[in-house]
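These are the residues of each chain, in order.
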Amino acid sequence: MDINTDLTEAQKRALQENSDDLEKLQSQLDEARSKARSRLESAGLTNGTDVINCLACIGCDGWSPDDDGGCANCPHGFFSHNVI
């Protein structure tokens, strides 16, 4: 499909539904990340200004992308990281 081609109604609907689903996912991800930061702060692992590289462990030396899109320095998945 050429990027300059007019979209059909079905294509427009599919794109809109994808957009809506991703927007819902983003709000859920934002909420989970906020809760995770709050838990870490309550446990004394951060003071609110420190950036923890991984929300699931303290053994990560920082984000370094691997071939699969995860962090080469940590066994946790992309969404565990405080990088977005």
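Our structure's up above, just so we're on the same page.
Residues numbered from 1 in each chain as written. Predicted model: local features only at pLDDT ≥ 70, side-chain atom pairs only at ≥ 80, totals over all residues. Heavy atoms only, no water.

Draft legend 1. Just the overall build of the protein chain, in detail. A tally of regular secondary structure across the protein chain gives one helix and zero strands. Per-residue burial over the protein chain gives 18% buried out of 84 residues. Accessible surface computed for the protein chain: about 6400 Å², of which carbon and sulfur atoms make up 49%. (Helix = DSSP H or I, 4+ residues; strand = E, 2+ residues; numbered from the N terminus. Buried < 20%, exposed > 50% of the residue type's maximum accessible area, 1.4 Å probe, protein only. Areas by Shrake-Rupley, 256 points an atom, 1.4 Å probe, with all protein chains shown as cover.)

Draft legend 2. Here's a closer look at a negative patch on the surface. A grouping of Glu17, Asp20, Asp21, Glu23 and Asp30 is seen on the molecular surface, where their side chains present a negatively charged patch. The exposure class assigned to Asp20 is partly exposed, which follows from its relative accessible area of 36%. (Patch = residues over 30% accessible without salt bridge, like charges linked within 9 Å, V, L, I, M, F, W, Y side chains within 5 Å. Salt bridge = Lys/Arg side-chain N within 4 Å of Asp/Glu carboxyl O. Lys, Arg positive; Asp, Glu negative; His and termini not counted. Charge placed at Lys NZ, Arg CZ, Asp CG, Glu CD.)

Draft legend 3. Structural context of the pattern of salt bridges. Applying the stated criterion across every chain yields a total of two salt bridges. The partner of Glu31 in a salt bridge is Lys35, and the shortest N-O contact between them spans 3.3 Å. Taken together, the residues span about one helical turn, with Glu31 and Lys35 both in helix α1 (residues 9-42) at a distance of four residues. The partly exposed category is assigned to Glu31, whose relative accessible area is 46%. Taking the relative accessible area as the measure of exposure, Lys35 reaches 43% and is therefore partly exposed.

None of the figures reported here should be taken as evidence of function without further support.
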